[in-house]
Amino acid sequence: MTDICVITFSDLRHDARSLNILRTLSKKYLISVISLTSQNDFNKLNLFDISHYEINLPRNQRFAVRWIRFCNAARKILKEKNPRKILACDLYSLFPIYFISTKNKKIYYDSREIYSAMGPLSKSLGKQSIFSFLENIFVHKVDSFIVSGELDAQFLKKHFATKKPFTVIMNLPPYKKPSDKNLIRAKYPEFQNKTILLYQGAVLPGRGIFPAFELLKFNTDLVLVMLGDGLFLDKAKQKAKELGIEQRVAFCGNIDYNELHDWTSSADIGLCNIEPVSFSYELALPNKMFEYIMAGIPQVISDLPAMRIIAEKYEIGEVLPLSSTVEVFSEINNNVNNSKEKYHQKCLEAAKILCYESQEDLIFDLFRD
């Protein structure tokens, strides 16, 4: 028996948004999840009350092939299990739902970004048009929308020309006190007397990675730790080598979400420098911003609307003007570093408010019959 079936075209170990909503829903509902996570890795997540259906796909296949195979497998599972409520955690998970009967079912869609204007596709207008076209078809089956910020909700209501309900569930982590494990300096003792800047998240264009490299070249007292993987990783490594800073950049790869907080807490400053290369990025309110807050580390934050609101309301870092020179970037970074203790205290206060537990009642109401 399943109350809600959750579908995600991701590995749950690195998908904080899906993992947090699963853990919350499982407190009150019988949950099953379809994902790309191996069963062995799923067992390590301690989601013992949740039924898991693994879709095993070769990693070396092209994206389109993997997506089609995922959709075919997910559709068969949905037809067999016939859940009453289905949550698609991304655009890619809406596709299999579209091809099953949704009579007497309620379909929820987590539009976790503006898929009609994605940052990684900002220079591939053909691919972007395809995703936008497909999304506009798929959403006809959706009964209730979920978004990560109020600005996203305002835009998508008009974009989809719908009066169906929207619920804002922010990318907040569960409440934890900052960890006292000094994992970064333990692994990289050569960083012991340096200021550690942290970038965490997918390694993609438009995430402020190259400006961070320029900052390191300008200021030799800094080192950069990158927690994440992505299509831009090889280019990032090559760029670091070209700039002669490769010894001060640590590429750590993906860190399991259950371990991420310990790593985040051991940095000095978090970088949240999203570049406005697409409309989706302009409205960004990313996980990392709140994970830095929970870890008690101050941050340098892009001057983008949703992010600026959080930065100014909770005073958890300083806002970096768009298109700043490396000199301005360095000045703001130094200001944050010199006021670390003040910002640390502000983060501790904000963490008690900006935690996933604060949204639990909203989530339960959303999925209540």
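Scroll up a little and you will see the structure.
The sections below set out a description of the structure shown in this document. Positions within a chain are numbered from 1, following the residues in the order the chain's sequence is written. In keeping with the predicted nature of the model, local features appear solely for residues at pLDDT of at least 70, side-chain atom pairs appear and are counted solely at 80 or more, and the whole-chain, interface and lining totals rest on all residues. Water and hydrogen atoms were dropped before computing side-chain values, which therefore reflect all heavy atoms in the structure.

Another aspect to go through is the overall build of the protein chain. Along the protein chain, the regular secondary structure elements total 16 helices and 13 strands. Projected onto its principal axes, the C-alpha coordinates of the protein chain cover approximately 60 × 40 × 40 Å. For this analysis, residues touch if any pair of their heavy atoms sits within 4.5 Å. Long-range contacts, defined as pairs at least 24 residues apart, comprise 68% of the intrachain contacts of the protein chain with a sequence gap of at least 6. The protein chains shown are the only cover counted for residues, whose accessible areas, like all others here, come from Shrake-Rupley with a 1.4 Å probe. Of the roughly 16,800 Å² of accessible surface on the protein chain, 50% is carried by carbon and sulfur atoms. By the criteria applied, helices consist of DSSP H or I runs no shorter than four residues and strands consist of E runs no shorter than two, each listed in order from the N terminus.

The biggest cluster of nonpolar side chains holds 67 residues, and the ones touching the most others in it are Met289 and Phe367. If near-sequence neighbours (up to four positions away) are discounted, methionine 289 is found in contact with Cys272, Gln299, Ile301, Met307, Ile310, Ala311 and Ile316. Counting residues in each nonpolar core, the second largest holds 36 residues, with Phe9, Phe70, Leu94 and Phe166 among its members. Residues enter a nonpolar core if they are buried and are Ala, Val, Leu, Ile, Met, Phe, Trp, Tyr or Cys, with the set joined through side-chain atoms within 4.5 Å. Burial status follows relative accessibility: with a 1.4 Å probe on protein chains alone, a residue under 20% of its type maximum counts as buried, one over 50% as exposed, and anything between as partly exposed.

On to helix α13 (residues 305-314), then. Given 3.6 residues per turn, any residue in an α-helix points the same way as the ones three and four places further on. Along α13, the positions that sit buried rather than exposed are Ala306, Met307, Ile310, Ala311 and Tyr314. Projection of α13 onto a plane perpendicular to its axis shows the buried side chains occupying an angular sector of 135 degrees, all on one side. Relative to its buried face, α13 has exposed residues pointing more than 90 degrees away, namely Ile309, Glu312 and Lys313. Backbone geometry just downstream of α13 places glutamate 315 in the positive-phi region, at approximately 55 degrees. To obtain the arc, one takes the directions from the helix axis to the C-beta atoms.

Turning next to the sheet that holds strand β6 (residues 144-147). Here a strand pair is declared whenever DSSP counts at least two bridges between the two strands. If you walk across this open sheet you meet the seven strands as β3-β2-β1-β4-β5-β6-β7, and the pairing is parallel. Of all strands in the sheet, those bounded by a partner on one side alone are β3 (50-54) and β7 (166-168). Put simply, the sheet's adjacent strands are angled 20 degrees from each other on average, direction ignored. Sheet topology note: the strand β2 (residues 31-35)/β3 ladder contains five bridges and is parallel. Looking at β3, one finds that valine 33 is bridged to histidine 52. Note on method: axes are straight lines fitted to C-alpha atoms, helices fitted across the in-contact stretch only, with angles between N-to-C directions ranging 0 to 180 degrees. On top of the sheet, helix α1 (residues 16-25) reaches β1 (4-7), β2, β3, β4 (85-88), β5 (106-110) and β6; it is set at about 165 degrees to β2, its chief contact.

Here the focus is the sheet that holds strand β12 (residues 299-302). In a beta sheet, neighbouring strands are held together by backbone hydrogen bonds and run either parallel or antiparallel to one another. Spatial strand order, β10-β9-β8-β11-β12-β13: six strands in an open sheet with parallel pairing. A strand with exactly one partner marks an edge of an open sheet, and here the two such strands are β10 (249-253) and β13 (317-320). Strand-to-strand twist across the sheet, computed as the mean angle between neighbouring axes with direction ignored, equals 25 degrees. By the bridge criterion, four bridges tie strand β9 (residues 222-227) to β10 in an arrangement that is parallel.

Any carboxyl oxygen of Asp or Glu within 4 Å of a side-chain nitrogen of Lys or Arg constitutes a salt bridge here. Following the criterion strictly, the structure yields twelve salt bridges and no others. Here aspartate 110 ties to arginine 17 by a salt bridge, and the two come within 2.8 Å at their closest N and O atoms. Of this pair, aspartate 110 sits in strand β5 while arginine 17 sits in helix α1; the two residues are 93 residues apart in sequence, bridging distant segments of the chain. Here aspartate 110 matches arginine 17 in class, with each residue buried. Between lysine 346 and glutamate 315 there is a salt bridge; the shortest N-O distance is 3.9 Å. Taken as a pair, lysine 346 in helix α15 (residues 340-351) and glutamate 315 in the loop between α13 and β13 lie far apart in primary sequence, 31 residues in all. Overall, the relative accessible area of 25% leaves lysine 346 in the partly exposed class. Here glutamate 315 falls in the partly exposed class, since its relative accessible area comes to 39%. One salt-bridge network, in which partners are shared between bridges, spans Asp11, Arg13 and Asp41.

It is worth spelling out the pairing of β5 at this point. Most of β5 is tucked away: four of the five residues are buried. Sheet topology note: the β4/β5 ladder contains four bridges and is parallel. Across the sheet, residue isoleucine 86 finds its bridge partner in β5, namely isoleucine 107. Alignment of β5 against β6, held across three bridges, turns out to be parallel. Each residue of the ladder has a partner; that of aspartate 110, found in β6, is isoleucine 146.

Here we take up the environment of leucine 224. As for its placement among the helices and strands, leucine 224 is situated in strand β9. Sequence separation between leucine 224 and phenylalanine 251 is 27 residues, and the spatial gap between their C-alpha atoms is 8.7 Å. With near-sequence residues (within four places) excluded, leucine 224 lies in contact with Leu197, Leu198, Tyr199, Ala212, Phe213, Leu216, Arg248, Val249, Ala250 and Leu271.

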